[in-house]
Amino acid sequence: MVFRTWLWVLVLLPLFGTSQTFKVPTVYAGVEMVHDAIDFSTGRMDNVFYFRTDGSFTETLYEEKWKSIKDGGYKLTGKHVILEYVEEREKDTLFLDADGKTGKYRCCGLSLGWATMVKMKSVKEIPAGLYSYETASSLSATTDFVQTKVFSNDDIYFLAGKRFTRDKKSMVALTSANTVLTATGDDSLTGSYTVTEGVLTLMYDDGEIEKGSFFWMLD
């Protein structure tokens with residue numbers, strides 16, 4: 001009887017140890033080139049995953065309450081991170097390299113290749129400099145061959161002393177068979193910030209408060 005008990009433990013331990021979670025909250029981010037099915041152009045998709053120690057994850061780090069959002073669960077099996085989404089969607093896999101600092105990920109059928117994912121870390125202060133984010137989107141309608149394109153550019157200058165200056169510019173272009181109409185906008189704002197465990201809080205001088213996320217590449 002003693003021998004059988006010892007034998008079962010020996011056999012079952014590897015089975016229970018094949019799937020686990022990250023020991024600390026872990027973030028991977030990368031850029032993937034995709035094909036736009038609307039205007040047949042080439043675009044980019046920013047992929048980012050925040051893995052929690054409880055086996056859940058979120059990919060919506062652009063939301064103010066991203067820390068509590070659960071987009072699904074994951075299983076860490078060797079160097080494979082298996083993603084299971086809450087919504088009905090096929091499982092995804094993040095393939096980690098040997099050292100775990102980088103990996104590869106491919107989102108969907110519109111992808112033009114694999115995204116190189118990089119492990120990120122949280123910081124207590126953002127290195128001073130210019131941080132820029134550009135987006136472009138399009139919407140087409142069959143009636144009158146109307147196509148709308150929205151371009152935006154968001155520049156944030158993070159300064160010493162946890163201060164920042166933010167410049168937001170946007171342009172909307174409406175194109176039809178006979179008309180081209182454009183409209184532009186420009187805003188410049190200043191304030192201070194805090195960043196704690198990846199949560200970025202922008203406190204504007206006019207009293208507005210905005211939250212998001214910020215992580216930095218490993219050294």
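Residues numbered from 1 in each chain as written. Predicted model: local features only at pLDDT ≥ 70, side-chain atom pairs only at ≥ 80, totals over all residues. Heavy atoms only, no water.

Caption draft 1: Just the packing of aromatic side chains, in detail. By the definition in use, this model includes 20 aromatic pairs. Their ring planes at 70° and their centres at 5.9 Å tell us that Trp66 and Phe215 sit as a pair that is edge-to-face. With Trp66 in the loop between β3 (56-58) and β4 (72-77) and Phe215 in the loop between β14 (209-213) and β15 (216-217), this residue pair connects regions lying 149 residues apart in the sequence. You'll find Trp66 and Phe215 in the same group, each marked buried. Seen in terms of ring centroids, Phe214 and Trp216 are 6.3 Å apart; in terms of plane orientation they differ by 20°. Their pairing is stacked. Note on Phe214: relative accessible area 11%, which makes it buried. Within the aromatic cluster, the residues linked to one another by ring pairs are Phe22, Tyr28, Phe49, Phe51, Phe57, Tyr74, Tyr85 and Tyr105. (Phe/Tyr/Trp six-rings, centres within 6.5 Å; stacked < 30°, edge-to-face > 60°. Helix = DSSP H or I, 4+ residues; strand = E, 2+ residues; numbered from the N terminus. Buried < 20%, exposed > 50% of the residue type's maximum accessible area, 1.4 Å probe, protein only.)

Caption draft 2: View of a negative patch on the surface. Judged by side-chain charge, Glu63, Glu64, Asp206 and Glu208 come together as a negatively charged surface patch. When you line up the elements, Glu208 lands in the loop between β13 (199-204) and β14. When its relative accessible area of 40% is taken as the criterion, Glu208 is described as partly exposed. (Patch = residues over 30% accessible without salt bridge, like charges linked within 9 Å, V, L, I, M, F, W, Y side chains within 5 Å. Areas by Shrake-Rupley, 256 points an atom, 1.4 Å probe, with all protein chains shown as cover. Salt bridge = Lys/Arg side-chain N within 4 Å of Asp/Glu carboxyl O. Lys, Arg positive; Asp, Glu negative; His and termini not counted. Charge placed at Lys NZ, Arg CZ, Asp CG, Glu CD.)

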